[in-house]
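What follows is the residue order along each chain.
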Amino acid sequence: MRLCFVVLIALQAALASSAAAQQENFIFRGKPSEYEDYGYAVRGAAWRFPGDAERVLVVCWENPTPANEQARRWVQDQITKTWQRHTALEFRGWQACAARNKGIRIRFNDEGPHVRKFGRLLDGVSNGMILNHTFRNWGASCQSNLEACVRSIAAHEFGHALGFAHEQNRPDTPGECSRKHGQGQTRETMLTPYDPQSIMNYCNPDYNNHGELSALDIKAAQKLYGAP
Ligand SMILES: [Zn+2]
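Note that the structure is predicted; figures quoted are calculated from it, not measured.

(A) How the structure looks around the overall build of the chain. What the chain contains, in helices and strands, is six helices and five strands. Along the chain, from the amino end to the carboxyl end, the secondary structure elements read α-α-β-α-β-β-β-β-α-α-α. Residue burial in the chain is summarised as follows: out of 228 residues, 40% are buried. In the chain, the share of contacts with a sequence separation of at least 24, taken over all contacts with a separation of at least 6, comes to 69%.

(B) Spotlight on helix α4 (residues 146-161). In this model, α4 (16 residues) spans 22 Å end to end at C-alpha, consistent with the 22 Å of a helix rising 1.5 Å per residue. Counted residue by residue, α4 has 13 buried out of 16 residues, so it is predominantly covered. The positive-phi residue at the C-terminal boundary of α4 is Gly163, with phi of around 110 degrees.

(C) Summary view of the packing of helix α3 (residues 69-84) against α4. α4 packs onto α3 with a crossing angle of 50 degrees between their chain directions and a minimal axis gap of 9 Å. The angle between the axes of α3 and α4 places the two elements in the oblique class. Considering only the axes of α3 and α4, their crossing is right-handed. Counting all contacts with α3, which are made through Ala71, Trp74, Val75, Gln78, Ile79, Thr82 and Trp83, the residues of α4 involved are Glu147, Val150, Arg151, Ala154, Ala155 and Phe158. Residue classes in the contact of α3 with α4 are distributed as nine nonpolar, two polar and two charged.

(D) Fine view of the sheet that holds strand β5 (residues 129-131). Read from one edge of the open sheet, five strands run β2-β1-β3-β5-β4, paired in mixed fashion. Two strands in the sheet have a free side with no partner beyond their single neighbour: β2 (90-96) and β4 (114-115). Bridge count between strand β1 (residues 56-61) and strand β3 (residues 104-108): three bridges; the pairing is parallel. Bridging across to β3, Trp61 finds its partner in Ile106. Strands β3, β4 and β5 of the sheet are contacted by α4, whose axis makes an angle of about 170 degrees with β5.

Conventions used here
- Residue numbers here run from 1 along each chain, matching the order of that chain's written sequence.
- Two thresholds apply to this predicted model, a pLDDT of at least 70 for residue-level local features and 80 or more for giving and counting side-chain atom pairs, whereas whole-chain, interface and lining totals are computed over all residues.
- In this text, helices come from DSSP runs of H or I with a minimum length of four residues, and strands from runs of E with a minimum of two, each type numbered from the N-terminal end.
- Counts of 20 or more other C-beta atoms within 10 Å of a residue's own C-beta define buried residues, counts of 12 or fewer define exposed ones, and intermediate counts define partly exposed ones; C-beta atoms are placed from the backbone.
- Throughout, a pair of residues is in contact if the C-beta atoms placed from their backbones lie within 7 Å.
- The length a helix should cover is 1.5 Å for every residue beyond the first.
- The axes used here are C-alpha line fits, helices contributing only the stretch in contact, and every angle between their N-to-C directions lies in the interval 0 to 180 degrees.
- Working definition: roughly parallel below 35 degrees, roughly antiparallel above 145 degrees, roughly perpendicular at 65 to 115 degrees, and oblique for all remaining angles.
- Left-handed describes a crossing in which the near helix is turned anticlockwise from the far one by less than a right angle; the clockwise case is right-handed.
- Classification used: nonpolar for Ala, Val, Leu, Ile, Met, Phe, Trp, Tyr, Cys and Pro, charged for Asp, Glu, Lys and Arg, polar for all others including Gly.
- A pair of strands is considered paired only if DSSP assigns at least 2 bridges between the two.

If you want it as structure tokens, here you go:
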């Protein structure tokens, strides 16, 4: 029984993962010129902070409602205990977006989660990040894993929001993974060795690495944004 359960979870994760791959692919199929400044650790896309200024990133919600309140709490908590905990970054706000709100603007919508830009180019972009919390039209397998899906997908998308692209697009990705999930390369900066456990790697057998940063994710994030 237990094994069946484990297999079921793995199957669900694989389905959700492939749906995520399909949905996210379009982002990487733009004209090369649109993405030439980006990469895994995404040269030019890292957020910039003058001098020794606080490394604060503002996050806001485009459509907060009572129905997505629980999901908003999960997202904030997961980002706080991953990207914030392991870097010098501090994510503040988490309120309804004002009309000209800068920072990372998140909308809940029942479609494939994605970001419209990478890293600092997301600053102030309306609906810059799309997250899902109902999974009726997309990723239906997440309905039975709601909290885990909301948390792990948010942590992955925030990786993009901090400037990271998909790990499996690196030129040193093993062939099988590259053939299955590769999306082509842009202009990348590789901060660490290839990481099969990365939260940004579709070939990771653990869907979005269970929402946790791998040791190398942390290393890369600290190279860009400093240690806590
Ligand atoms: Zn992604």
